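An overview of the molecular structure
Each chain, written out:
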Amino acid sequence: MSSGNSITTIRLSGELEISRKQEIRDALRRSSEDRAILIDLADVTYADSIALTELLRFCVSAQREAIPVALLVQTPQFARVVEYAGLAGAFKTFNDRDAAFTYLTVAGKE
Amino acid sequence: MRQPSELRLSCPAQSRYVARIRHALAAFLEALAFDNDLRDDVTTAAGEALANAVEHAYPSDSGKAAGDLQLLARVHSGGRLSVDVSDRGSFIRREPVPGRGFGLRIIRAIARQMSIDTSRGTCVSMTFEAPSAASKR
């Protein structure tokens, strides 16, 4: 996890699947100082519904406290599995890092 | 007539084996010249069925020892691909829980057909259209 310009970045990579459930859950923890969060999934090569459930749980929790969350998605499998799960509207996803930061910078000030 | 290509795998129903089975299925499909997107989609659907079996087939409070799960993938003449994921555990029909249960939704979105047979354990049967080089041979 890294933090800069008031945007916290959580980076996950590789295959997000059942054997890493606890690791994913542990990575997706917020601190009281978070103002805006980028979940960097650019290097995720595979994700299953268990990973999506953990991401959804995290985003819903952040949303309750008006903390904007953006997902950086650059691999086709992840983008498609989100669609298949019917969760396209549940996440704010970007395939461009700068665009994600711009969104979080603006949304974090609102 | 060419015999259907087939992949049979079995492993303990434990989470650490799911990725290995998925990778073996991906290699099988790659060898049959399935394109990348279809290969990803089929392994995604199979991965959901495998994870479901690991999570639910042999619950620790059932008193039964954890058993095995099997995957059978077959390419049929005409290009149809079938993938069955089965176990000999118990099937428990669960009420939908908001924010969960995306696995079956993902399988249904990818597979052309999907059925669940719970007569002897659980068998999730999925079929896919496979416009691959394999089907054209």
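One can find the structure itself at the top, above this paragraph.
Residues numbered from 1 in each chain as written. Chains lettered and ligands numbered in written order. Predicted model: local features only at pLDDT ≥ 70, side-chain atom pairs only at ≥ 80, totals over all residues. Heavy atoms only, no water.

**Quick word on the nonpolar core**
In terms of nonpolar packing, the biggest core is built from 68 residues, with I39(A), L41(A), F78(A), L71(B), V83(B) and M126(B) touching the most fellow members. Element by element, the count of residues in this core is highest for helix α2 (residues 36–56) of chain B, at nine residues. With near-sequence residues (within four places) excluded, L71(B) lies in contact with L7(B), R8(B), L9(B), I21(B), L25(B), A46(B), L50(B), V83(B), D84(B) and V85(B). One finds I7(A), A36(A), L38(A) and A100(A) within the second-largest nonpolar core, a separate group that totals nine residues. (Core = buried A, V, L, I, M, F, W, Y, C linked by side-chain atoms within 4.5 Å. Buried < 20%, exposed > 50% of the residue type's maximum accessible area, 1.4 Å probe, protein only. Helix = DSSP H or I, 4+ residues; strand = E, 2+ residues; numbered from the N terminus. Contact = heavy atoms within 4.5 Å.)

**A closer look at the pairing of strand β5 (residues 122–129) of chain B**
Residue and element names in this part refer to chain B. With six of eight residues buried, β5 is to be regarded as a mostly interior element. Across five bridges, strand β4 (residues 113–117) lies against β5 in antiparallel orientation. For D117, the partnering residue across the bridge sits in β5 and is C123. With antiparallel pairing between neighbouring strands as the criterion, β4 and β5 make up a hairpin whose turn holds four residues, including G121 at a positive phi of roughly 75 degrees. (Pairing = 2+ DSSP bridges.)

**Re the packing of helix α2 (residues 49–64) of chain A against helix α3 (residues 102–110) of chain B**
Axis separation between α2(A) and α3(B) bottoms out at 9 Å; the angle between their running directions is 125 degrees. Comparing their axes, α3(B) and α2(A) come out oblique. The chirality of how α2(A) crosses α3(B) is right-handed. In contact with S49(A), L52(A), T53(A) and L56(A) of α2(A), α3(B) contributes F102(B), G103(B) and I106(B). The residue inventory of the contact of α2(A) with α3(B), partitioned by class, reads four nonpolar, three polar and no charged. (Axes fitted to C-alpha atoms, helices over the stretch in contact; angles between N-to-C directions. Parallel < 35°, antiparallel > 145°, perpendicular 65-115°, else oblique. Left-handed = near helix turned anticlockwise from the far one by under 90°. Nonpolar A, V, L, I, M, F, W, Y, C, P; charged D, E, K, R; others polar.)

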